[in-house]
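Breakdown of the fold
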Amino acid sequence: MSDVTLATMPTETVLGRVANGNGRPPATSLIDMRDLWKTYEMGSEQVHALHGVSFDVKKGEYIAIMPLIYGGIGSAKRHEMAKQALAAVDLADRVTHRPNELSGGQRQRVAIARALVNNPSILLADEPTGALDTHTSMEIMDLFERLHEEGNTVVLVTHERDIAARAHRIISIRDGQIEKDEIVR
């Protein structure tokens, strides 16, 4: 389990005022990450993928973060981890295929495999079925259900009622406020 904290910060800036008395302007970060640590157990070794990392993300920024290549994980181990992630989403038999040789649903499962490769403590999915047909959407939702049953925390954002109904808890937001927070199963 990771001790990663994600905090959203206010995006409003009041010009000409000091927000906190320390001479700095009010925070404009959308995401403020402080002192992140992530250690992977690789047999008897510990690999420190994150070692006290701090950064923020401001509104409008375009940021790339790279974990596997520079995380002290060798090429052979990275390939093995990728194969295991593809197997977890039932794509082990498509490991040598190029993206244009995969269906929309298979491409979505590859995206999920990418998210799973580092064994995250939480899986965030924004409209994971938005561009898929009904049958493929249900396959993806079956996959999320299986990942949840295996102990993964899954948070998905959707506008589709039938997709939301597959979750165990639904938080409905209207006009920027929580309208309803209900346990459905």
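Structure shown above.
What you see is a predicted model; the values in this text were computed from it and never measured. (Residues numbered from 1 in each chain as written. Predicted model: local features only at pLDDT ≥ 70, side-chain atom pairs only at ≥ 80, totals over all residues. Heavy atoms only, no water.)

A few words now on the side chain of E145. Structurally, E145 is set in helix α3 (residues 134-149). A residue is classified by how much of its surface remains accessible, and E145, at 16% relative accessible area, is buried. When residues no more than four places from it in sequence are discounted, the contact partners of E145 are R166, H168 and R185. (Helix = DSSP H or I, 4+ residues; strand = E, 2+ residues; numbered from the N terminus. Buried < 20%, exposed > 50% of the residue type's maximum accessible area, 1.4 Å probe, protein only. Contact = heavy atoms within 4.5 Å.)

Right, let's get into the layout of surface pockets. Taken as a whole, the second largest pocket holds about 1000 Å³ of empty space. Taken together, 26 residues form the lining of the second largest pocket, with L156, A164, R169, I170 and I171 sitting closest to its centre. Of all the secondary-structure elements, those providing two or more residues to the lining of the second largest pocket are α3, β5 (153-157), α4 (161-164), β6 (169-174) and β7 (177-183). Looking at the lining of the second largest pocket element by element, the count peaks at 6 residues for β6. Its residues assigned to classes, the lining of the second largest pocket shows 12 nonpolar, 5 polar and 9 charged. (1 Å grid on protein atoms, 1.4 Å probe; cavity = no way out; pocket = protein on both sides within 12 Å on 5 of 7 lines; lining within 4 Å. Points joined across faces, edges and corners; volume = space filled by probe spheres on them. Nonpolar A, V, L, I, M, F, W, Y, C, P; charged D, E, K, R; others polar.)

Let us look at helix α2 (residues 104-116). The terminal C-alpha atoms of α2, which comprises 13 residues, lie 19 Å apart, in line with the 18 Å expected from a rise of 1.5 Å per residue. Within the span of α2, buried status applies to G105, Q106, R109, V110, I112, A113 and L116. Summarising the axial view, the buried residues of α2 lie within an arc of 160°, below the 170-degree limit, and thus occupy one face. Each element contacted by the buried residues of α2 is listed here: α1 (75-88), β4 (122-126) and α3. (Expected span 1.5 Å × (residues − 1). Arc of directions from axis to C-beta.)

Grouped together as the largest cluster of nonpolar side chains are 21 residues, with contacts concentrated most on V89, I112, L116, L123, F144 and L147. Every element with two or more residues in this core is listed here: α1, α2, β4 and α3. (Core = buried A, V, L, I, M, F, W, Y, C linked by side-chain atoms within 4.5 Å.)

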